[in-house]
Amino acid sequence: QQQVKQSPQSLIVQKGGISIINCAYENTAFDYFPWYQQFPGKGPALLIAIRPDVSEKKEGRFTISFNKSAKQFSLHIMDSQPGDSATYFCAADFSNSGYALNFGKGTSLLVTP
Amino acid sequence: DVKVTQSSRYLVKRTGEKVFLECVQDMDHENMFWYRQDPGLGLRLIYFSYDVKMKEKGDIPEGYSVSREKKERFSLILESASTNQTSMYLCASLNPGDPPYEQYFGPGTRLTVT
C-alpha cells in the first residue's frame with residue numbers, strides 16, 4: 001500500500017511557466033516531507049524539505065506548500081527552465097524511524113524552450 | 001562532498017544465481033538504505049540499516065537479504081535471482097543527526113536477470 005500518492009505522472013511546461021506537483025499522504029504521524037530531484041543516469045538528490053509546523057518553505061525558485069489538515073503538500077517551480085527537466089519524487093517519513101523514506105511514484109517534468 | 005559508490009553500474013545475471021550488490025559511503029554515515037526503482041513505481045525501500053550489524057526490513061524485503069559488517073559498507077544479496085528482480089538498485093546513506101537529513105544516493109546498479 002503506497003503511503004504517499006503523487007500526481008501528475010508526467011508534466012510538460014513551457015520555459016518561464018510554473019510547474020506544480022502534488023502529493024497526498026495518509027499517515028498523520030509523518031513529520032518530515034522532502035522532495036528529491038533525479039536526472040537521467042544519476043541518483044536522486046534532495047531538493048527541499050519541510051516539517052509540518054510550517055505551511056510554506058521557499059528556496060530560490062522552488063517552494064513547498066504544506067496543508068496539514070488536507071494531508072497534502074506540493075512543489076512549485078517558478079520560472080521553470082529546461083535545466084529543471086528531471087524526475088521529481090515527494091516523500092514522507094517519521095523522524096524517529098531513521099528517515100527510511102516513503103516515496104511517491106515520481107513525476108517526469110519536461111520544460112520546453 | 002559525500003560520496004556513495006556502488007560496485008557496478010550494469011550487471012547481467014542468470015536466474016538462480018546468487019548476486020551481491022555492494023555499496024560504500026565515505027562520510028561515516030550511520031544509516032544506509034537499499035531501494036529499487038522501477039518505471040511507474042518510484043523508489044521502494046528494500047532494507048535499511050541504522051548501525052553495524054543492524055538491519056530493518058523495508059516495504060519489499062522478500063527475496064533479498066543484507067549485510068553490514070562495517071559502518072561504511074552495506075551489501076544487498078539476492079539469494080537466488082529471479083527475472084522479477086530485474087531493476088535499478090539504488091543505495092543511499094544518511095547521518096540522522098545532521099539536518100536537513102538528506103539521503104545521499106549512489107549512481108545505481110542496473111541489474112538484468114535473464
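Residues numbered from 1 in each chain as written. Chains lettered and ligands numbered in written order. Predicted model: local features only at pLDDT ≥ 70, side-chain atom pairs only at ≥ 80, totals over all residues. Heavy atoms only, no water.

Tracing the chain through its elements places T109 of chain B in strand β11 (residues 109-113). With relative accessibility at 1%, the residue T109 of chain B sits in the buried group. (Helix = DSSP H or I, 4+ residues; strand = E, 2+ residues; numbered from the N terminus. Buried < 20%, exposed > 50% of the residue type's maximum accessible area, 1.4 Å probe, protein only.)

We now examine the pairing of strand β8 (residues 72-77) of chain A. Residues in a regular strand project their side chains so that they alternate between the two faces of the sheet. Residues and elements named next belong to chain A. Bridge count between strand β3 (residues 19-25) and β8: 6 bridges; the pairing is antiparallel. Note on β8: the bridge partner recorded for I21 is L75. The antiparallel hairpin formed by strand β7 (residues 62-67) and β8 contains 4 residues in its connecting segment, where K71 sits at a positive phi of about 55°. (Pairing = 2+ DSSP bridges.)

Residue and element names in this part refer to chain B. Taken in spatial order, the 4 strands of this open sheet run β1-β3-β8-β7, and their pairing is antiparallel. The outermost strands of the open sheet, each flanked by one partner alone, are β1 (4-6) and β7 (64-70). In this sheet, adjacent strand axes meet at a mean angle of 20° when their direction is disregarded. Pairing of β7 with strand β8 (residues 73-78), which is carried by 5 bridges, proceeds in the antiparallel orientation. In the strand pairing of β8, K70 is matched with R73. (Axes fitted to C-alpha atoms, helices over the stretch in contact; angles between N-to-C directions.)

Next up on the list: unusual backbone geometry. All names here are of chain A. Note the cis peptide between S7 and P8, where omega equals -5°. Counting through the fold element by element, P8 comes out in the loop between β1 (4-7) and β2 (10-14). Although it is not a glycine, K71 sits at a positive phi angle of roughly 55°. With respect to the helices and strands, K71 occurs in the loop between β7 and β8. Notably, D79 is not glycine yet its phi reads approximately 45°, a positive angle.

Okay, a nonpolar patch on the surface next. Residues and elements named next belong to chain A. Residues I18, I20 and M78 make up a contiguous nonpolar surface patch of about 230 Å² in total accessible area. Relative to the helices and strands, I18 is located in the loop between β2 and β3. On the basis of relative accessible area, I18 is assigned to the partly exposed category, the value being 46%. (Patch = residues over 30% accessible without salt bridge, like charges linked within 9 Å, V, L, I, M, F, W, Y side chains within 5 Å. Areas by Shrake-Rupley, 256 points an atom, 1.4 Å probe, with all protein chains shown as cover. Salt bridge = Lys/Arg side-chain N within 4 Å of Asp/Glu carboxyl O.)

Every disulfide links exactly two cysteines, by a covalent bond between their sulfur atoms. All names here are of chain A. Across all of its chains, the model carries 2 disulfides over all chains by this definition. C23 shares a disulfide with C90; S-S distance 1.9 Å. For the disulfide bridge between C23 and C90, the dihedral angle about the S-S bond is near -95°, and by the sign convention the bridge is left-handed. With C23 in strand β3 and C90 in strand β9 (residues 86-92), this pair connects stretches of sequence that are 67 residues apart. A single burial state applies to C23 and to C90, both of which are buried. (Disulfide = S-S within 2.5 Å.)

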